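The lines below spell out each chain.
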Amino acid sequence: MSEDSVITDEMRAAIGVESEPGVWPIELGAIKKFANAIGDSSVLYTDEVAARQSPAGGIIAPPTFLRLLSPGAHKATYKMPYREVLDGGSEYEYFAPIRVGDTITSTVTLVDVFEKPGRLGLMLFRLNETRYVNQFGQLVATQRSTSINYPDQE
Amino acid sequence: MPYFNDVSVGDALPELKKQATTAQLVMYAGASNDYNQIHYDAEVAARAGHKSVIIHGALKNAWLAQLVTDWIGTTGTLAKISVTYRGIDYPNDPITCKGKVTGKRSDEGRNLVDCEIWLENGEGNVTTPGTATVELPTR
């Protein structure tokens, strides 16, 4: 197993470049399906009458529904050295609710790339920031996420 | 549903128990559009060094968010949630999401409460620590 750095100039050049946008109409069915899959029966995601009587004023998307609203392709593409990938962590910040009927545009920017030795060999960490904007141009949320790529374990 | 005035540092959040079946992982894969085979194909998971298919990190994130939103109800607002996937979790293992209040502050007229949150596996080990900030109404 090689311990040499796999970070390329191509990868470094991709830092700070915003992706193509992903454009996502927000549908009630997708919210209900997501809430059911995570096992969260809050009325805010499932019951329009009860949700309308709450401060939210209607059905909203669960906090991690954002995961579904993928940005478009990276403009600056770079080759990944490893096939195996793990999700390292996530930080969401919320500024406004996402409602049924909204259209959310998401873009992602590579913020940093670094390496650390670990249990699975020399691991490649990529820190990305995704921005979610609604049809009114309002920033509704951001996510900073860490992806970890590592060498094949055979 | 808690009011800002009534919350104290050290308060525990009501625990949230979860136990994923492999069927739930497939439902989550579909609902979240995440088709990484490590979550539903045992051979792929074994090749990556795991004893079985593994729970999506983002599903654990969803559970920790639910821990907080169940606590604050429909009158509070989740402002921020941060999680680190430190350990792998597996379907059928009984999982408990826990949290406690670590701070209270007012910022530009918003009454914010900071929490430490974490997810424990069936052996009581913390696999997924994190933090959350919520905005609560006042009495």
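Everything numeric here is computed off the predicted structure, so don't read it as measured data.

## What about the overall build of chain B?
Then step 1. In terms of regular secondary structure, chain B is built from three helices and five strands.
Then step 2. For chain B, the α and β elements follow one another from N to C terminus as β-α-α-α-β-β-β-β.
Then step 3. By principal-axis analysis of the C-alpha atoms, chain B measures approximately 55 × 30 × 20 Å.
Then step 4. Taking all 139 residues of chain B together, 54% fall into the buried category.
Then step 5. If you take every contact in chain B between residues at least 6 apart in sequence, the share linking residues at least 24 apart comes to 68%.
Then step 6. In the form shown here, chain B has an accessible surface area of approximately 6,200 Å², with 46% of it arising from carbon and sulfur atoms.

## Focus: the domain arrangement of chain A
Residues and elements named next belong to chain A.
Then step 1. With domains assigned, chain A is organised as domain 1 (9-26 + 68-150) and domain 2 (27-60).
Then step 2. Measuring from the centre of the C-alpha atoms in domain 1 to the corresponding centre in domain 2 gives 26 Å.
Then step 3. The partner domain 2 presents eight residues to the six residues of domain 1 that form the contact.
Then step 4. When domain 1 packs against domain 2, the two sides together hide about 580 Å² of surface, and 62% of this comes from carbon and sulfur.
Then step 5. For the domain 1 face of the interface with domain 2, the top three residues by lost area are Ile 26, Arg 99 and Val 100, together amounting to 63%.
Then step 6. On the surface where domain 1 and domain 2 come into contact, there are zero salt bridges.
Then step 7. In this structure, the connection of domain 1 to domain 2 is made through one residue pair in polar contact (both at pLDDT 80 or more).
Then step 8. In terms of residue class, the side of domain 1 that touches domain 2 is built from five nonpolar, no polar and one charged.

## Some details on the interface of chain B and chain A
Then step 1. At the interface, 34 residues of chain B touch 32 residues of chain A.
Then step 2. Taking both sides of the interface into account, the surface hidden between chain B and chain A amounts to around 2,700 Å²; carbon and sulfur atoms contribute 56%.
Then step 3. For the pair chain B and chain A, the interface holds one salt bridge.
Then step 4. Between Lys 80 of chain B and Glu 91 of chain A there is a salt bridge, with the nearest N and O atoms lying 3.8 Å from each other.
Then step 5. Put simply, chain B and chain A have nine residue pairs in polar contact (both at pLDDT 80 or more) between them.
Then step 6. The set of elements that each furnish at least two residues to the side of chain B that touches chain A consists of α1 (22-32), α3 (57-72) and β2 (77-84) of chain B.
Then step 7. If one sorts the elements of the side of chain B that touches chain A by residue count, α3 of chain B sits on top with nine residues.
Then step 8. Per-class residue counts for the side of chain B that touches chain A are 16 nonpolar, 13 polar and five charged.
Then step 9. Where strand β2 (residues 84-94) of chain A lies against β2 of chain B, five bridges are found, and the strand directions are antiparallel. Looking at the pairing, Glu 91 of chain A lines up with Ser 82 of chain B of β2 of chain B.

The rules we used
- Residues numbered from 1 in each chain as written.
- Chains lettered and ligands numbered in written order.
- Predicted model: local features only at pLDDT ≥ 70, side-chain atom pairs only at ≥ 80, totals over all residues.
- Heavy atoms only, no water.
- Helix = DSSP H or I, 4+ residues; strand = E, 2+ residues; numbered from the N terminus.
- Buried < 20%, exposed > 50% of the residue type's maximum accessible area, 1.4 Å probe, protein only.
- Contact = heavy atoms within 4.5 Å.
- Areas by Shrake-Rupley, 256 points an atom, 1.4 Å probe, with all protein chains shown as cover.
- Domains from an automatic or database assignment.
- Buried area = accessible area lost by both parts, 1.4 Å probe.
- Salt bridge = Lys/Arg side-chain N within 4 Å of Asp/Glu carboxyl O.
- Polar contact = N/O pair within 3.5 Å; in protein donor to acceptor, adjacent residues only side chain to side chain.
- Nonpolar A, V, L, I, M, F, W, Y, C, P; charged D, E, K, R; others polar.
- Pairing = 2+ DSSP bridges.

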